[in-house]
Amino acid sequence: MSTTALSRRHALLLLGVVVLAWGFTWIVNKLLLQYMTPIWAAAARSIAGTAALLLLGLALRRVARPVKADLPVIFSVGLLHMGAFAALVSLGMLYVPAGRSAVLAYTTPLWVIPGAWLFLREAVGPARRAGLALGILGLVVIFNPLAFDWTNRDALLGNGLILLAALCWAANIVYVRAHRWVTPPFELALWQALLASAVLSAVAYATEGPPQVAWSADLAWLLGYAGVFGIAVAHWAAVNVNRALPAGVTAIGLLGVPVFGLLCAALFLHEPVSASLLAGMALIVGGIAAGVIERRA
């Protein structure tokens with residue numbers, strides 16, 4: 001067996017690890033809300049992830065001090081993705097089931113298309129326009145305006161927060177595309193997580209007061225999973241996958257995250273899976289895949 005084939009096989013296996021780790025993380029995030037207030041839950045996950053990234057970086061001898069040119073991407077990822085996205089998702093999941101949250105959050109690539117066109121002047125070809133239309137249609141199907149209870153403020157707030165989180169992640173992706181990397185992405189993840197932990201903790205203290213936590217073995221393993229697998233291991237695996245596989249293959253493979261998250265929510269949390277949610281998810285996944293395929297071409 002050739003080295004190239006073996007490297008590709010390992011990359012595909014790591015891609016599977018990322019999908020499973022991030023997919024199940026939605027269940028963990030939902031369960032954490034039983035023990036902690038939402039922003040403190042996001043902060044605790046980030047702190048656990050920071051510690052895990054430090055240990056993993058030391059084990060791999062890949063801890064590096066950032067330089068001045070790294071600061072913009074540290075602030076972008078730390079504040080928009082690891083910070084705002086995590087906090088908004090945690091708040092939204094107070095009102096939105098875990099499976100539905102995963103599907104709505106992974107509309108992020110749809111918002112990247114117009115953002116990249118507007119700020120980076122990236123061309124938007126026919127397949128990407130069709131993909132954007134499919135994704136928006138998928139959102140319409142999920143919300144089903146005729147059946148949606150527009151008087152339910154909690155439902156409106158929760159779904160709106162998840163979509164706002166997706167927009168924050170999309171804004172971060174647009175910036176990351178334009179960023180000129182000096183230090184490799186994995187080496188910066190520790191500093192991004194550290195920044196997110198500090199900001200989330202400060203916001204949590206200001207808005208929710210001191211943390212009121214009833215520590216237990218269940219809470220410990222939830223935070224352990226969120227930090228070790230949801231952040232550190234998944235991020236390390238994703239960086240290696242991005243280096244070994246074409247971007248299109250990686251992006252399409254990551255579409256398995258909301259699918260697996262939806263299945264886990266049905267199995268472990270007994271969340272109902274409606275026909276409209278499945279149809280909308282299929283349209284969103286198809287729309288993202290269409291845009292990814294055109295970008296790869």
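Residues numbered from 1 in each chain as written. Predicted model: local features only at pLDDT ≥ 70, side-chain atom pairs only at ≥ 80, totals over all residues. Heavy atoms only, no water.

A. Focus on the nonpolar core. In terms of nonpolar packing, the biggest core is built from 57 residues, with Trp26, Val28, Leu32, Phe85, Val89, Met93 and Ile284 touching the most fellow members. The biggest single contributor to this core is helix α1 (residues 3-32), with 7 residues. Once residues within four sequence positions are removed from consideration, Met93 is found in contact with Trp26, Asn29, Lys30, Leu33, Ala98, Ser101 and Ile162. (Core = buried A, V, L, I, M, F, W, Y, C linked by side-chain atoms within 4.5 Å. Buried < 20%, exposed > 50% of the residue type's maximum accessible area, 1.4 Å probe, protein only. Helix = DSSP H or I, 4+ residues; strand = E, 2+ residues; numbered from the N terminus. Contact = heavy atoms within 4.5 Å.)

B. Geometry of the environment of Leu91. Checked against the element boundaries, Leu91 lands in helix α3 (residues 71-92). Each C-alpha atom, one on Leu91 and one on Ile162, is 8.3 Å from the other, the two residues being 71 residues apart in sequence. Residue contacts for Leu91: discarding those within four places in its chain leaves Pro38, Ile39 and Leu161.

C. Inspection of the pattern of salt bridges at higher detail. In total, this model carries 1 salt bridge according to the counting rule given. Of the charged contacts, one joins Glu187 and Arg62 as a salt bridge, the two residues approaching to 3.0 Å between their closest N and O atoms. In this pair, Glu187 is assigned in helix α8 (residues 185-208) and Arg62 in the loop between α2 (38-60) and α3, connecting sequence segments 125 residues apart. In this structure, Glu187 and Arg62 share a single accessibility class: buried. (Salt bridge = Lys/Arg side-chain N within 4 Å of Asp/Glu carboxyl O.)

D. Focus on the side chain of Thr183. Among the secondary structure elements, Thr183 is positioned in the loop between α7 (153-178) and α8. For Thr183, a relative accessible area of 9% translates into the label buried. Within polar-contact distance, the side chain of Thr183 engages the side chain of Asp70 at 2.5 Å. For Thr183, the contacting residues outside a window of four places in its chain are Ala64, Val67, Asp70 and Leu188. (Polar contact = N/O pair within 3.5 Å; in protein donor to acceptor, adjacent residues only side chain to side chain.)

E. Representation of the packing of helix α5 (residues 108-119) against helix α6 (residues 126-143). The geometry of α5 relative to α6 is characterised by a closest axis approach of 10 Å and an angle of 135° between their N-to-C directions. Taken together, α5 and α6 sit at an angle that is classed as oblique. Seen from above, α5 lies across α6 with left-handed handedness. Of the residues in α6, those touching α5 at Leu110, Trp111, Ile113 and Pro114 are Arg128, Gly131, Leu132, Gly135, Ile136 and Leu139. (Axes fitted to C-alpha atoms, helices over the stretch in contact; angles between N-to-C directions. Parallel < 35°, antiparallel > 145°, perpendicular 65-115°, else oblique. Left-handed = near helix turned anticlockwise from the far one by under 90°.)

F. Broad picture of the environment of Leu245. Within the secondary structure, Leu245 sits in the loop between α9 (217-244) and α10 (247-253). In this structure Leu245 comes out as buried when scored by relative accessible area, which is 5%. Along the chain, Leu245 and Thr37 lie 208 residues apart, while their C-alpha atoms are 39 Å from each other. Look past the residues within four positions of Leu245 in its chain and what remains in contact with it is Arg8, Ala11, Leu12, Leu15 and Thr250.

G. Structural view of the packing of aromatic side chains. As enumerated under the stated definition, the model contains 5 aromatic pairs in all. Here the aromatic residues Phe24, Tyr225, Phe229 and Phe268 are joined through ring pairs into a cluster of three or more. (Phe/Tyr/Trp six-rings, centres within 6.5 Å; stacked < 30°, edge-to-face > 60°.)

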